[in-house]
Amino acid sequence: MICAKCSYAWNPDSATNCVQCKAPLDSASQPRRGDTQDEDQHQEAVRRPTLTEGMPPVNPRPAEPSVSQPRWNDSLTPDRAERRRTVFAGMAAAEAPASTGGARRPQTIAVDPSRKIVGVLITYSWQDQGQIFPILEGRNLIGKDPDQCDICIAQDQTLSAVNTFITYRRHFIIGDKVSMSGTDVNGEPIETEFVPLHNYAKIRTGSTHWTFVAIQPPPDPSSNS
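The rules we used
- Residues numbered from 1 in each chain as written.
- Predicted model: local features only at pLDDT ≥ 70, side-chain atom pairs only at ≥ 80, totals over all residues.
- Heavy atoms only, no water.
- Helix = DSSP H or I, 4+ residues; strand = E, 2+ residues; numbered from the N terminus.
- Buried < 20%, exposed > 50% of the residue type's maximum accessible area, 1.4 Å probe, protein only.
- Pairing = 2+ DSSP bridges.
- Phe/Tyr/Trp six-rings, centres within 6.5 Å; stacked < 30°, edge-to-face > 60°.

Q: Help me out: how do you make sense of unusual backbone geometry in this one?
A: Only a minority of non-glycine residues have a phi that is not negative, and only a minority of peptide bonds are not trans. We note that V178 has phi near 50 degrees; this positive angle belongs to a residue other than glycine. Tracing the backbone shows V178 in the loop between β6 (172-176) and β7 (183-185). You can call V178 exposed: its relative accessible area is 78%. You will see that Y200, though not glycine, has its phi angle at about 65 degrees, which is positive. Mapped onto the fold, Y200 is located in the loop between β9 (195-196) and β10 (202-205).

Right under this line is the structure:
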């Protein structure tokens, strides 16, 4: 029999006291050699607790839902080559690619075929990829009114309807149209009506900052005859 006090297990079945610690033995609750246990008692005896007493059971981690992975080219737009085209204000409306995803379409104007492109204005003030606007022979008006201006920046609310002009005949001339926000060339405000405009000049009109690049057009074939 097993002593409940010292757990000594080699006491004789007929003993009334523990041989080890002399504590009285309760023979009624002790199994004797040769006794058999029913199946429930056996399972309870061999069962080993796996949780600490008082610890709530831990729910198994739910299986994550299976999500199909997108193919490598699912996010590519079919007209990727079309989106890479450069759009500028002088491009005809029929040539400009259609806008997708609700993007704002660029302002377009008709280009007079009798006037050559002699320069460009480039700005990064309103689009990260930049915008290019052609400068044509003769007078070019810059402002936010598309009905009056050759180069229109409608989103610049600090621009006047007609803010600035650039003229080319033999040389480039820039002037301010008495605008509220003024016109700067290379950081200097224009104080006179006609100021020479040189290649790679930095221009400010309203809140729009430009880089001017002059272009040498090819000679007119009719002039050689």
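Q: What is the right way to read the sheet that holds strand β5 (residues 164-168) from this model?
A: In a beta sheet, neighbouring strands are held together by backbone hydrogen bonds and run either parallel or antiparallel to one another. Taking strand neighbours across the sheet as the criterion, the 5 strands line up as β4-β3-β5-β6-β9 in an open arrangement whose pairing is mixed. Taken across any chain shown, the strands that pair with only one partner, and hence form the sheet edges, are β4 (151-152) and β9. With 5 bridges connecting them, strand β3 (residues 138-143) and β5 associate as antiparallel partners. Bridge pairing in β5 links I142 to T164.

Q: Hey, could you run me through the packing of aromatic side chains in this one?
A: For any pair of aromatic rings, the description consists of the separation of the ring centres together with the inter-plane angle of the planes. Under the counting rule described, the total for this entry stands at 4 aromatic pairs. Ring centres of F133 and W210 lie 5.5 Å apart, and the angle between their planes is 80 degrees; on these two criteria the pair is classed as edge-to-face. With F133 in strand β2 (residues 131-136) and W210 in strand β11 (residues 208-214), the pair connects residues that are 77 residues apart, well separated along the chain. Its relative accessible area of 3% is what places F133 among the buried residues. Aromatic side chains F172 and F212 sit 4.8 Å apart centroid to centroid with 70 degrees between the ring planes, which places their arrangement in the edge-to-face category. With F172 in strand β6 and F212 in strand β11, the pair connects residues that are 40 residues apart, well separated along the chain. Among the aromatic side chains, those forming a connected cluster through ring pairs are Y168, F172 and F212.

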